[in-house]
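# A closer look at the structure
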Amino acid sequence: NAGVTQTPKFRVLKTGQSMTLLCAQDMNHEYMYWYRQDPGMGLRLIHYSVGEGTTAKGEVPDGYNVSRLKKQNFLLGLESAAPSQTSVYFCASSYPARTGYGYTFGSGTRLTVV
Amino acid sequence: TQLLEQSPQFLSIQEGENLTVYCNSSSVFSSLQWYRQEPGEGPVLLVTVVTGGEVKKLKRLTFQFGDARKDSSLHITAAQPGDTGLYLCAGGGSNYKLTFGKGTLLTVNP
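Here the structure is a predicted model, which is why all the values come from computation and not from measurement.

Next up on the list: the interface of chain A and chain B. Counting residues at the interface gives 20 residues for chain A, matched by 17 residues for chain B. Approximately 1,500 Å² of surface area, both sides summed, lies buried where chain A meets chain B, with 60% of it carried by carbon and sulfur atoms. Counting across the interface, chain A meets chain B through zero salt bridges. If you look at where chain A meets chain B, you find four residue pairs in polar contact (both at pLDDT 80 or more). For the side of chain A that touches chain B, the secondary-structure elements that each account for two or more residues are β4 (31–38) and β5 (42–51) of chain A. Looking at the side of chain A that touches chain B, the element that brings in the most residues is β5(A), giving five residues.

Right, dumping it as structure tokens:
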């Protein structure tokens, strides 16, 4: 049982380059989320999805795009990377609106933009 | 915007000591979750509390949800080096999104 799998685990980009982070979950969860974690800032929600084909903006969406073409996958794209996007990115999934069911997180992608 | 304040931000103790971490807000939450995050890994859910005044125990960890559902505490008895990590609280509302605190970084020295 893999849970939530994120790829890649590490990446270094040059300013202006683009990339896509992949998140895959095998728990049949409806909801999926992308967070970034920075020192002193905590976890901040970038985008989220409440089901296949739907996405919505979170707290810090600028510079990112997402897609959820399949229920099990949630992709995060950076079209033109900036140094301010250097961070650790986490994907998470959960059941919808069920108290007692927390988020299951992936192990993260450490991205450095130079 | 709902905010969760965690205290202390950093905590360094010796093995065998007891400690309490606090999570406070001016907002009411329908549930409160605690996660532990180890270096290089994602947060892992420890517990969810949903009823005001609720107390849950997980071995040496005791979690409490405030009566007004605005605050929570995590108490660890006889801390061990394996308890070292970042402890995050997260509040759930009427929607499907969690509000996370910034965390308490705990170091337990042998």
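All names here are of chain B. By the secondary structure assignment, isoleucine 76 is in strand β8 (residues 71–76). Exposure remark for isoleucine 76: the relative accessible area of 0% places this residue in the buried category. Isoleucine 76 sits 18 residues away from leucine 58 along the chain, and the two C-alpha atoms are 9.6 Å apart. Apart from residues no more than four positions distant in its own chain, isoleucine 76 is found in contact with Glu17, Asn18, Leu19, Arg60, Leu61, Asp83, Tyr87 and Leu106.

Next up on the list: the nonpolar core. Here is a general trend for soluble globular proteins: nonpolar side chains tend to be buried in one another's company. Residues Leu19(B), Leu32(B), Trp34(B), Phe63(B), Leu74(B), Ile76(B) and Leu106(B) are the most contacted members of the largest nonpolar core, which totals 21 residues. Among the elements of the structure, β3 (19–24), β4 (31–37), β5 (44–49), β7 (61–65), β8, β9 (85–92) and β11 (104–109) of chain B are those that each provide at least two residues to this core. Apart from residues lying up to four places away in sequence, Leu32(B) is in contact with Leu4(B), Val47(B), Thr48(B), Val49(B), Phe65(B), Ser72(B), Cys89(B), Ala90(B) and Gly91(B). The next biggest cluster of nonpolar side chains, apart from the first, holds 20 residues, and it includes Cys23(A), Met32(A), Ile46(A) and Tyr64(A).

Reading guide: rules and limits
- Residues numbered from 1 in each chain as written.
- Chains lettered and ligands numbered in written order.
- Predicted model: local features only at pLDDT ≥ 70, side-chain atom pairs only at ≥ 80, totals over all residues.
- Heavy atoms only, no water.
- Contact = heavy atoms within 4.5 Å.
- Buried area = accessible area lost by both parts, 1.4 Å probe.
- Salt bridge = Lys/Arg side-chain N within 4 Å of Asp/Glu carboxyl O.
- Polar contact = N/O pair within 3.5 Å; in protein donor to acceptor, adjacent residues only side chain to side chain.
- Helix = DSSP H or I, 4+ residues; strand = E, 2+ residues; numbered from the N terminus.
- Buried < 20%, exposed > 50% of the residue type's maximum accessible area, 1.4 Å probe, protein only.
- Core = buried A, V, L, I, M, F, W, Y, C linked by side-chain atoms within 4.5 Å.

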